[in-house]
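# Fold and geometry: a report
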Amino acid sequence: QKEVEQNSGPLSVPEGAIASLNCTYSDRGSQSFFWYRQYSGKSPELIMFIYSNGDKEDGRFTAQLNKASQYVSLLIRDSQPSDSATYLCAVYDSGTYKYIFGTGTRLKVLA
Amino acid sequence: GAVVSQHPSWVICKSGTSVKIECRSLDFQATTMFWYRQFPKQSLMLMATSNEGSKATYEQGVEKDKFLINHASLTLSTLTVTSAHPEDSSFYICSARIDPNFSTDTQYFGPGTRLTVL
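Residues numbered from 1 in each chain as written. Chains lettered and ligands numbered in written order. Predicted model: local features only at pLDDT ≥ 70, side-chain atom pairs only at ≥ 80, totals over all residues. Heavy atoms only, no water.

All names here are of chain A. Inspection of the secondary structure assignment puts Asp-27 in the loop between β3 (19-25) and β4 (33-38). For the pair formed by Asp-27 and Lys-67, sequence separation is 40 residues and the distance between their alpha carbons is 9.9 Å. Ignoring anything within four residues of it in the chain, the contact list for Asp-27 reads Lys-2 and Gln-70. Only 3.0 Å separates the side chain of Asp-27 from the backbone nitrogen of Gly-29, close enough to count as a polar contact. (Helix = DSSP H or I, 4+ residues; strand = E, 2+ residues; numbered from the N terminus. Contact = heavy atoms within 4.5 Å. Polar contact = N/O pair within 3.5 Å; in protein donor to acceptor, adjacent residues only side chain to side chain.)

Here it is, written out as structure tokens:
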């Protein structure tokens, strides 16, 4: 069974610090990776997607992909209290045409 | 772009009634839509995959006769919870996958529908 694993947290960081969220996946053939943010009581919101090895930056967010080690991470620079949420890592399974989600990491940014 | 809407955003119904939830992709065509359910403090659970013009594919353990899915057009999928019971109370979220011909397979989520069955 293909799996995506995340530390459930909570991960607590002080305001202004860098938050580092990690995700590992089991299917070596995976090609598409996504990070979603979910506030309590709300639906997931896409933050970034990444397909190629290396870093992809978008504002304060940087996604990092290492296919050889089968991990993908999300860095949040200058963390703000409004970043406090659960961050979901998802991998697209082209064999089943579905997305496999991790259980999410809860991030707390302390003011 | 890539906006997905859901209606209603919340619904309260009596046990035994049926509830229909609509999911629309507003500014793109979605050949595939997904229906998820999420209980409080739990992970997203995929219920079914809905493909335009064909029958939905249900995940193991999801009753297809209880959760009726129709994907009649490239922008609309509906989920009907038939004979709802209190244990069906949950947060139902749809997502739509952008047509892969546009070189991306990203899915975008609707805002969700909170169902409470009394």
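Now, onward.
In this section: the interface of chain A and chain B. Facing the 18 residues of chain A at the interface are 22 residues of chain B. Per-residue buried area on chain A facing chain B is highest for Ser-43, Lys-98 and Tyr-99 of chain A; these three make up 32% of the total on that side. In this assembly, chain A and chain B are joined by one salt bridge. The interface formed by chain A and chain B contains six residue pairs in polar contact (both at pLDDT 80 or more). (Buried area = accessible area lost by both parts, 1.4 Å probe. Salt bridge = Lys/Arg side-chain N within 4 Å of Asp/Glu carboxyl O.)

Our next topic: the state of the cysteines. Residue and element names in this part refer to chain A. Evaluation of the coordinates by the stated rule reveals two disulfides over all chains. Paired through a disulfide, Cys-23 and Cys-89 show a sulfur-sulfur distance of 2.0 Å. One disulfide, between Cys-23 and Cys-89, carries an S-S torsion of -70° and so falls in the left-handed class. Separated by 66 residues along the polypeptide, Cys-23 in strand β3 and Cys-89 in strand β9 (residues 85-93) bring together distant segments of the chain. (Disulfide = S-S within 2.5 Å.)

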